[in-house]
Amino acid sequence: MPYVLALNGYALGTFLIFLGAFAAIWSNKIIGKLACHHEVYSLSQLARLAGGKYLEESLSVMVVLYIFGACVAYQIIITQLFKYVCSKFGMSEDLTCDSCYKLSIYQAVPTAFLILLPLSLKKDMSAFRYVSLASIGALLYTG
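Conventions used here
Residues numbered from 1 in each chain as written. Predicted model: local features only at pLDDT ≥ 70, side-chain atom pairs only at ≥ 80, totals over all residues. Heavy atoms only, no water. Helix = DSSP H or I, 4+ residues; strand = E, 2+ residues; numbered from the N terminus. Expected span 1.5 Å × (residues − 1). Bend = angle between axes of the 7 residues up to and from the residue. Buried < 20%, exposed > 50% of the residue type's maximum accessible area, 1.4 Å probe, protein only. Axes fitted to C-alpha atoms, helices over the stretch in contact; angles between N-to-C directions. Parallel < 35°, antiparallel > 145°, perpendicular 65-115°, else oblique. Contact = heavy atoms within 4.5 Å. Nonpolar A, V, L, I, M, F, W, Y, C, P; charged D, E, K, R; others polar. pLDDT = per-residue confidence, 0-100.

Brief notes about helix α3 (residues 43–88)
So, point 1. Over its 46 residues, α3 runs only 45 Å from end to end, short of the ideal 68 Å by more than 12%, given 1.5 Å per residue.
So, point 2. Its maximal kink placed at Gly 51, α3 deviates by approximately 135 degrees.
So, point 3. Among the residues of α3, those classed as buried are Leu 46, Ala 47, Glu 56, Leu 59, Ala 70, Gln 75, Thr 79, Lys 83 and Cys 86.
So, point 4. Phi for Gly 90, located one or two positions after α3, is positive at around 90 degrees.

Shown next as structure tokens:
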């Protein structure tokens, strides 16, 4: 959100954020009403009902691509934050510069194996209870 505000200014950025929120709420309500009307319990069942097996398979591919993209994006954001914090604590410039990859590898590989891999192996939503602690910490840091 700060990036949207920096690019567009406060007035247009705030408008775009509210427009995105309105579109998300409206589309979720439409999906929810259709799911209740047709008594289906998942988005893939709704996609099969709307467009057949091809649409259901397309939805699965899009979800997998989204998950992969989200993991890569979060890994980049976490690495950038980690480099910023390390530079503020006085770590040497040759490790924390933007073109240096040593610190990125030292941080990204353990994060992927210790945090992202175990969370991706869980089959139910209960795995995300641990992520909420990190979210609260990020909100406190931002505040």
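Describing unusual backbone geometry
So, point 1. The phi dihedral of Glu 39 falls on the positive side, at around 55 degrees, and the residue is not glycine.
So, point 2. Note on Glu 39: relative accessible area 62%, which makes it exposed.

Here's the deal with helix α2 (residues 10–38)
So, point 1. For α2, spanning 29 residues, the distance from its first C-alpha to its last is 42 Å, which sits close to the expected 42 Å at 1.5 Å a residue.
So, point 2. Taken from the residues just after α2, Glu 39 is the one with a positive phi, measuring 55 degrees.

Re the packing of α2 against α3
So, point 1. The geometry of α2 relative to α3 is characterised by a closest axis approach of 10 Å and an angle of 75 degrees between their N-to-C directions. In terms of their interaxial angle, α2 and α3 are classed as roughly perpendicular. Contact residues: α2 offers Ile 31, Leu 34, Ala 35 and His 38, while α3 offers Leu 43, Leu 46 and Leu 49.
So, point 2. Taken together, the residues of the contact of α2 with α3 break down into 6 nonpolar, 1 polar and no charged.

Describing the confidence of the model for the protein chain
Predicted coordinates in regions of low pLDDT should not be interpreted in detail.
So, point 1. Residue-level pLDDT values for the protein chain average 80, and 80% of them are 70 or greater.
So, point 2. Across the protein chain, α2 holds the top mean pLDDT of 91, while helix α6 (residues 129–142) sits lowest at 68.

Points about the environment of Val 4
So, point 1. With respect to the helices and strands, Val 4 occurs in helix α1 (residues 2–8).
So, point 2. Measuring from C-alpha to C-alpha, the distance between Val 4 and Leu 16 comes to 8.2 Å, with 12 residues separating the pair along the chain.

Some thoughts on the environment of Ser 44
So, point 1. Inspection of the secondary structure assignment puts Ser 44 in helix α3.
So, point 2. Overall, the relative accessible area of 25% leaves Ser 44 in the partly exposed class.
So, point 3. Residues Ser 44 and Leu 59, 15 residues apart in the sequence, show an inter-C-alpha distance of 7.0 Å.
So, point 4. Residue contacts for Ser 44: discarding those within four places in its chain leaves Glu 56 and Leu 59.

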